[in-house]
Amino acid sequence: MKKVAYGKTADGQQVDLYTLTNNKGMEAAITNYGGIVVSLKTPGHGGQLADVVLGFDSLGGYLKDHPYFGAIIGRYGNRIAKGRFKLNGVEYKLATNNGENHLHGGIKGFDKVVWAARDVSTPEAAALELTYLSKDGEEGYPGNLSVTVVYTLTDNNELRIDYTATTDKDTVVNLTNHSYFNLAGEGSGDILGHELMINADAFTPVDAGLIPTGELRKVEGTPFDFRKPAAIGARINAGDQQLLYGKGYDHNFVLNRTGEGLQLAARVVEPKSGRIMEVLTTEPGIQFYSGNFLDGSVKGKGGKVYGHRYGFCLETQHFPDSPNKPNFPSTVLKPGGKYQTTTVYRFSAVP
Ligand code: GLA
């Protein structure tokens, strides 16, 4: 693993950039600022490498306002309605940073903090361990939460992310990674031609503020049916009320699961480059976000303009607003318990 100085945060903290490589030529560059995946070079048809994640050329880009490119999201990924929830009869008030709602951990989420980094590579694979202590009360959450995220790049062209956390008070946790992918290469156009499969019979419909209503709705007969691969763009402008709320796809899918362990959640194929990405996870849900809020105002790597739907996210997770939805799988973590989830982004190419 290569480590180079990446710069300093506004308050003077030193940040580094770590480059993980494998024996297939795949390369992942990750910074301990926000745990951001800065670049991810994967082989396409014929073996050509391209960087498939949106981002910036230097730390400066990430220090400014940006839509969570590549970052670790916490303490709670996605939205909590009105930034409020009750736990053991006590109401907690979180930072509201998305209209009246709480999004992606609040004003200064895990995407904007400096993590302690350690090379934990083995003879089998390069691995970077990031740790962060989120103090009791941070962004309104109860409990000191001790978080560890390990990024591993395997020789099977997998970027594996292992998330663990422990707490000293009952709290809620929902960690994810917010990478924006374009399998044709970042900045090369919109992602509407990518063919997507999501292994989900149902999704969680939302209200106008993108808060789940609590319903689990069958995807059958809707533009949310990705059980058979379909182009992302095929039905995105279909006029469906849910798609109007999201300005495209910005929804949590209820993954079809049997038992524990890593299971296939989604598969994406980019027909021109032949690049394939599979997402495997232990989580019950995945947020499919089609980059609807990208509007060309962000200049990314090499000065490239990231236009509307130039990237998509597949954020593995527990369902949004679970702390207020007793029928959703619980996101409560208690002292003595261990939060433990794994997600794998596996890359290959059509031969
Ligand atoms: C998530 C949300 C979207 C949007 C993006 C960041 O995926 O669900 O609504 O906020 O993050 O722009």
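Coordinates for the structure precede this section.
Residues numbered from 1 in each chain as written. Predicted model: local features only at pLDDT ≥ 70, side-chain atom pairs only at ≥ 80, totals over all residues. Heavy atoms only, no water.

1. Quick word on the overall build of the chain
Note the threshold: We count a stretch as a helix when DSSP gives it H or I for four or more residues in a row; a strand needs E for two or more, and each element gets its number in order from the N terminus. With the radius of gyration taken over C-alpha atoms, the globule rule is written as 2.2 Å times the number of residues to the power 0.38. Here the term buried applies to any residue with accessible area under 20% of the maximum for its type, exposed to any over 50%, and partly exposed to those in between, with areas from a 1.4 Å probe on protein chains only. The contact criterion used is simple: two residues touch if any of their non-hydrogen atoms lie within 4.5 Å.
For the chain, the count of helices and strands is two helices and 29 strands. A compact globule built from 351 residues should have a C-alpha radius of gyration of about 20 Å, and the chain, at 19 Å, falls within 12% of that. Counting only C-alpha atoms, the chain reaches 60 × 50 × 40 Å along its principal axes. By residue count, 59% of the 351 residues in the chain fall in the buried class. By sequence separation, contacts in the chain at least 24 residues apart represent 66% of the contacts at least 6 residues apart.

2. Focus on the pairing of strand S14 (residues 158-167)
Using the following cut-off: Between any two strands, at least two bridges found by DSSP are needed for them to pair.
In terms of burial, S14 is a largely internal element, seven of the ten residues being buried. Alignment of strand S13 (residues 145-153) against S14, held across nine bridges, turns out to be antiparallel. The partner of Val149 across the bridge, within S14, is Tyr163. Adjacent in sequence and paired antiparallel, S13 and S14 are bridged by four residues, among which Asn157 carries a positive phi angle near 60°. Two elements, S14 and strand S29 (residues 339-349), share eight bridges in a ladder whose sense is antiparallel. Within S29, the position partnered with Ile161 by the bridge is Thr343.

3. Some thoughts on the site of the ligand
This is how it is decided: It suffices for a single heavy atom of a residue to lie within 4 Å of a molecule or strand for the residue to be listed as near it. By the criterion applied in these results, polar contacts are pairs of N or O atoms within 3.5 Å in which, for protein atoms, one can donate a hydrogen and the other can accept it, and in which residues neighboring in sequence qualify only through two side-chain atoms. Where accessible areas are quoted, they stem from the Shrake-Rupley method and a 1.4 Å probe; at the residue level, only the protein chains shown are allowed to cover. Residue classes follow a fixed rule: Ala, Val, Leu, Ile, Met, Phe, Trp, Tyr, Cys and Pro count as nonpolar, while Asp, Glu, Lys and Arg count as charged, and any other residue, Gly among them, counts as polar.
Arg79, His104, His178, Asp250 and Glu315 are the nearest of the 14 residues found near the ligand. Taking Asn78, its side chain carries an N or O atom lying 3.1 Å from an oxygen atom of the ligand. Between an oxygen atom of the ligand and a side-chain N or O atom of Arg79, the distance comes to 2.6 Å. When the ligand is considered free in solution it has 300 Å² of accessible area, and contact with the protein chains removes 94% of it. Among the residues making up the shell around the ligand, the classes are represented as seven nonpolar, four polar and three charged.

4. Remarks on the nonpolar core
The cut-off we apply is this: Among the buried residues, those of types Ala, Val, Leu, Ile, Met, Phe, Trp, Tyr and Cys that are joined through side-chain atoms within 4.5 Å form a nonpolar core.
Counting 58 residues, the largest nonpolar core has Leu40, Ile198, Phe253, Met277, Phe288 and Leu314 as its most contacted members. The element that contributes the greatest number of residues to this core is S13, accounting for five residues. Every residue in contact with Ile198, bar those within four places of it in the chain, is listed here: Phe226, Arg227, Phe253, Leu255, Ala265, Ala266, Ile286 and Phe288. Counting residues in each nonpolar core, the second largest holds 23 residues, with Tyr6, Val15, Tyr33 and Ala71 among its members.

5. Remarks on the sheet that holds strand S18 (residues 200-204)
Taken in spatial order, the five strands of this open sheet run S19-S18-S21-S24-S27, and their pairing is antiparallel. Unpaired on one side and paired on the other, strand S19 (217-218) and strand S27 (313-317) mark the two borders of the sheet. Two strands pair when backbone bridges link them, and S18 and strand S21 (residues 250-255) are joined in this way by four bridges, in the antiparallel orientation. The residue of S21 that forms the bridge with Phe203 is Phe253.

6. Notes on the pairing of strand S11 (residues 116-119)
Walk down a regular strand and you will see the side chains alternate between the two sheet faces. Pairing analysis gives four bridges linking S11 to strand S12 (residues 126-134), with the strands arranged antiparallel. Each bridged residue has a counterpart across the sheet, and for Ala117 the counterpart in S12 is Leu130. Where S11 hands over to S12, the hairpin turn is made up of six residues, counted between the paired strands.

7. Brief notes about the pattern of salt bridges
When the charged atoms of two side chains lie near each other, side chains of opposite charge can form a pair. Filter applied, for reference: Here, a salt bridge means any Lys or Arg side-chain nitrogen found within 4 Å of an Asp or Glu carboxyl oxygen.
Under the definition given, this model contains 18 salt bridges. Put simply, Lys169 and Asp136 hold a salt bridge, and the shortest N to O gap is 2.7 Å. Here Asp136 lies in the loop between S12 and S13 and Lys169 lies in the loop between S14 and strand S15 (171-172), a separation of 33 residues in the sequence. By relative accessible area, Lys169 is classed as partly exposed at 39%. Relative accessible area serves as the criterion here: at 36%, Asp136 is assigned to the partly exposed category. Between Arg217 and Glu215 there is a salt bridge, with its nearest N and O atoms 3.0 Å apart. The class of Arg217 is partly exposed, set by a relative accessible area of 31%. Exposure remark for Glu215: the relative accessible area of 33% places this residue in the partly exposed category. Taken together, the shared-partner salt bridges connect Glu158, Arg267, Glu278 and Arg346 into one network.

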